[in-house]
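Spelled out from the first residue to the last, the chains are:
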Amino acid sequence: MELAGILFLCAAAFLAGLVDAVVGGGGLIQIPALFSVVPGASPATLFGTNKLSAIFGTASAAWRYARRIDIPWTAVLPLAASALASSYLGAMTVTLLPKAWLRPLMLTLLVVMTAYTFVKKDLGIGDRYCRRGLREFLLALFFGGLIGFYDGFFGPGTGSFLIFMFVRFFGLDFLRASASAKIVNVGTNLSALAFFGFHADVMIATGLAMAVFNVAGAVTGSHLALRHGAGMVRGVFLLASCALILKFSWDTFR
């Protein structure tokens, strides 16, 4: 791989880490970059390389958030465990099921989710979380399994779906939701990486080089989110959701 290609991937990894630390969606930057620089590689190899880079940045952001923010562990831990298991199952189905049928469904969900957030001006600005015992546990298992499988199988927009789920169904503000989503993402990335590591030739050297810049971007993004709070995260979330809608629309109707 030429030096220019490596530099381009590292720049993409930094930007992906920054965006991902705030609202998720770093894969939408890294994966197209990998496909453009290494077009001859198999999709499984590129997805695995993306996960190798992303897991370092995600873990870094999760650590920084956990040190500064009160994480609702009773919801996050069962959700992360469920997501970790189902993410591996999702990765197993990558070669078995067509992804095309998912795009219209995800596009519909994104439009509904974004419109709801636009209309509900106070959604996620204040924190309304309270422990709900068994109901909270079952919700965590359900959403963890659903989103984890999606992340392992397809992936784009996982962070945005997680943040919206934590805000809408658990009552977190956008900042706490983003922090909680990062912890869950560590589990899903680790699970998917384990699958791709065993079943594809992950480009380890390239992935680790990108990981350095992904961590730098994650540190920058988490710093900005902690400094500016839930209002900033909400704004970036809406921008990222609109970008996702445009991409899914293009992929679906082109």
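Basis of the calculations
- All chains use their own residue numbering, which begins from 1 and follows the written sequence.
- Restriction of local features to residues with pLDDT of at least 70 applies here, the model being predicted, together with a cutoff of 80 or more for giving and counting side-chain atom pairs; totals for whole chains, interfaces and linings are based on all residues.
- Side-chain measures here rest on the full set of heavy atoms in the structure, leaving out hydrogens and waters.
- Secondary structure counts use DSSP, requiring at least four H or I residues in a row for a helix and at least two E residues in a row for a strand, with both numbered from the N terminus.
- In this scheme Phe, Tyr and Trp rings, the latter by its six-membered ring, pair at centre separations within 6.5 Å, and the angle between planes marks the pair as stacked below 30 degrees, edge-to-face above 60, and tilted otherwise.
- Relative accessibility under 20% of the residue-type maximum defines a buried residue, over 50% an exposed one, and the middle range a partly exposed one, all with a 1.4 Å probe and only protein chains included.
- Our definition puts a charge over a ring when NZ of Lys or CZ of Arg is within 6 Å of the ring centre and also within 35 degrees of the ring normal.
- By definition, a salt bridge exists where a carboxyl oxygen of Asp or Glu is found within 4 Å of a side-chain nitrogen of Lys or Arg.
- What a helix should span is 1.5 Å times the count of its residues minus one.
- Residue contacts follow a heavy-atom distance rule, with two residues in contact if any of their heavy atoms lie within 4.5 Å.

A.B. asks: So, the environment of Met165: which residues are in play, and what are the values?
C.D. replies: Looking at the element boundaries, Met165 is found in helix α7 (residues 158-170). As for Met165 and Lys120, which are separated by 45 residues in sequence, their C-alpha atoms are 14 Å apart.

A.B. asks: Can you explain the packing of aromatic side chains? Please cite residues and give values.
C.D. replies: For any pair of aromatic rings, geometry is given as the distance between the ring centres together with the angle between the planes. Within the structure shown, the criterion is met by seven aromatic pairs. Arranged with centres 5.2 Å apart and planes meeting at 70°, the rings of Phe142 and Phe143 form a pair that is edge-to-face. On the numbers, 5.7 Å between centres and 50° between planes, the contact of Phe166 with Phe170 is tilted. Of the two residues, Phe166 and Phe170 are both situated in helix α7; the distance of four residues between them amounts to about one turn of the helix. Taken as a pair, Phe166 and Phe170 share a single burial class, namely buried. The ring of Phe169 is capped by Arg168, whose NZ or CZ atom sits 5.3 Å from the centre of that ring.

A.B. asks: Give me the lowdown on the pattern of salt bridges, citing residues and values where you can.
C.D. replies: Any two side chains of opposite charge can pair if their charged atoms end up close together. Evaluated as defined, the whole model comprises one salt bridge. Residue Asp70 pairs with Arg176 through a salt bridge whose shortest N-O separation is 3.9 Å. Pair noted here: Asp70 is in the loop between α3 (43-68) and α4 (73-92) and Arg176 is in helix α8 (residues 174-199), with a separation of 106 residues, a long-range link.

A.B. asks: Requested: an account of helix α1 (residues 3-23), with residues and values cited.
C.D. replies: Under the 1.5 Å per step criterion, the end-to-end length of α1 is 30 Å for 21 residues, consistent within 8% with the ideal 30 Å. Among the residues of α1, Gly5, Leu9, Cys10, Ala12, Ala13, Ala16, Gly17, Asp20, Ala21, Val22 and Val23 are the ones counted as buried. Where α1 is buried, its residues meet α2 (27-37), α3, α7, α8 and α9 (204-253). Immediately beyond the C-terminal end of α1, within one or two residues, lies Gly24, with a positive phi of roughly 85°.

A.B. asks: Please set out α4 residue by residue, giving values where relevant.
C.D. replies: Note that an α-helix has 3.6 residues per turn; residues three or four places apart therefore point the same way. When the terminal C-alpha atoms of α4 are compared, their 28 Å separation across 20 residues agrees well with the 28 Å that a helix rising 1.5 Å per residue should span. Taken residue by residue, α4 has Ala75, Val76, Pro78, Leu79, Ala80, Ser82, Ala83, Ser86, Ser87, Gly90 and Ala91 as its buried positions. Buried-residue contacts for α4 involve α6 (134-153), α7 and α8.

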